[in-house]
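Structural overview for review
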Amino acid sequence: MRADRRLVLRIGALVLGLVGVGLAGYLMARDGQQPMPSLAGASQWLNSPPLDAPALKGKVVLVDFWTWDCVNCQRSLPHVNDWSRRYADQGLVVIGVHTPEYDYEHDVGTLRQKVASLSIAYPVAVDNDYQVWNAWGNQFWPAHYFIDRKGQVRHVHFGEGDYAGQEQVIQALLAE
């Protein structure tokens, strides 16, 4: 009986997770476009002064919600780093939003070390108080939000994978 209950709870959590992905994706990409939510609320920025939507107008933006001890984030970061380097001269701006999952990930000194060791050169918003996370209605690590030159969220990807597809989104937005 106990194992059956655990199985039911796991299935329920999986269903809620899938519904959450569906709802978040729908809310962010309804009608194909939603205005870029605010980046205000970050306690500080690494590699950049604070950025906001008006300063990014005319650029294609990838906002990557991540945290340094998330294995899924660790696997996606090399792709994000590569895109940042390869497409910067074409108008892509990558912004990492570091929103910690665990208490020890709140340490900004350790975050600075991780950013350096991971060769992250793009701007990183330190979101220790979840203000940016909440403004975006985000629920996942990693989460990639693709914003067009007009400041509209055009595509969302949660979790690892489909790197070729995500790169196609970047290329299509840059070509517009």
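Whatever comes next refers back to the structure up there.
Anyway, here's the lowdown on the structure attached to this text. (Residues numbered from 1 in each chain as written. Predicted model: local features only at pLDDT ≥ 70, side-chain atom pairs only at ≥ 80, totals over all residues. Heavy atoms only, no water.)

**Quick word on the environment of Leu173**
Its location among the elements puts Leu173 in helix α6 (residues 163-175). When its relative accessible area of 4% is taken as the criterion, Leu173 is described as buried. With 18 residues separating them in the primary sequence, Leu173 and His155 have C-alpha atoms 9.9 Å apart. Setting aside chain neighbours within four positions, we find Leu173 in contact with Val60, Phe146, Ile147, Asp148, Arg149 and Arg154. (Helix = DSSP H or I, 4+ residues; strand = E, 2+ residues; numbered from the N terminus. Buried < 20%, exposed > 50% of the residue type's maximum accessible area, 1.4 Å probe, protein only. Contact = heavy atoms within 4.5 Å.)

**Digging into the environment of Gly96**
Looking at the element boundaries, Gly96 is found in strand β4 (residues 92-98). According to the relative accessible area criterion, Gly96 is buried, its value standing at 0%. Distance from Gly96 to Leu77, taken between C-alpha atoms, is 9.7 Å for residues 19 residues apart in sequence.

**Digging into the pairing of strand β3 (residues 60-66)**
Taken residue by residue, a regular strand's side chains alternate between the two faces of the sheet. Counting buried positions along β3 yields 7 of 7 residues, so the element is predominantly enclosed. Neither face of β3 is exposed, since Val60, Leu62, Asp64 and Trp66 on one face and Val61, Val63 and Phe65 on the opposite face are all buried. Two elements, β3 and β4, share 7 bridges in a ladder whose sense is parallel. Within β4, the position partnered with Asp64 by the bridge is Gly96. You can see the chain leave β3, run along helix α3 (residues 71-87) and come back into β4, and the turn it takes is right-handed. Pairing analysis gives 5 bridges linking β3 to strand β6 (residues 143-147), with the strands arranged antiparallel. Note on β6: the bridge partner recorded for Leu62 is Phe146. (Pairing = 2+ DSSP bridges. Right-handed = clockwise from strand over helix to strand, strands pointing away.)

**A closer look at the nonpolar core**
In terms of nonpolar packing, the biggest core is built from 26 residues, with Trp66, Trp83 and Leu92 touching the most fellow members. Sorting the residues of this core by element identifies β3, α3, β4, α4 (108-117), β5 (124-126) and α6 as the ones contributing at least two each. Ignoring sequence-local partners within four residues, the contact set of Trp66 consists of Cys73, Leu77, Gly96, Val97, His98, Thr99, Leu111, Val115, Leu118, Ile120, Val124 and Trp141. Val97, Phe140, Ala143 and Val156 belong to the second largest nonpolar core, which has 23 residues in total. (Core = buried A, V, L, I, M, F, W, Y, C linked by side-chain atoms within 4.5 Å.)

**A closer look at the sheet that holds β6**
Sheet architecture is open: 7 strands sit in the order β1-β7-β6-β3-β4-β5-β2, paired in mixed fashion. Edge positions in the sheet fall to β1 (34-35) and β2 (44-46), since each has one partner strand and no second. On the sheet, α3 packs against β3, β4 and β6 and is oriented at approximately 160° with respect to β3. (Axes fitted to C-alpha atoms, helices over the stretch in contact; angles between N-to-C directions.)

**Brief notes about the packing of aromatic side chains**
As enumerated under the stated definition, the model contains 11 aromatic pairs in all. Taking 4.7 Å as the distance between ring centres and 50° as the angle between the ring planes, the aromatic pair formed by Phe140 and Phe158 counts as tilted. Of the two residues, Phe140 sits in the loop between α5 (131-136) and β6 while Phe158 sits in strand β7 (residues 152-158), which places them 18 residues apart along the sequence. The same class applies to Phe140 as to Phe158, namely buried. Chaining the aromatic ring pairs together yields one cluster made of Phe65, Tyr130, Trp133, Trp136, Phe140, Trp141, Tyr145 and Phe158. (Phe/Tyr/Trp six-rings, centres within 6.5 Å; stacked < 30°, edge-to-face > 60°.)

**With respect to the pattern of salt bridges**
If you walk through the whole model with that rule in mind, you get 5 salt bridges. With a shortest N-O distance of 3.2 Å, Glu160 and Arg75 are connected by a salt bridge. One end of the pair, Glu160, is in the loop between β7 and α6; the other, Arg75, is in helix α3, with 85 residues separating them in the sequence. Overall, the relative accessible area of 47% leaves Arg75 in the partly exposed class. For Arg86, the salt bridge goes to Asp82, with nearest N and O atoms at 2.6 Å. Of this pair, Arg86 and Asp82 are both found in helix α3, 4 residues apart, which corresponds to roughly one turn of the helix. For Arg86, a relative accessible area of 38% corresponds to the partly exposed category. Several salt bridges share partner residues, and in doing so they unite Asp82, Arg86 and Glu167 into one network. (Salt bridge = Lys/Arg side-chain N within 4 Å of Asp/Glu carboxyl O.)

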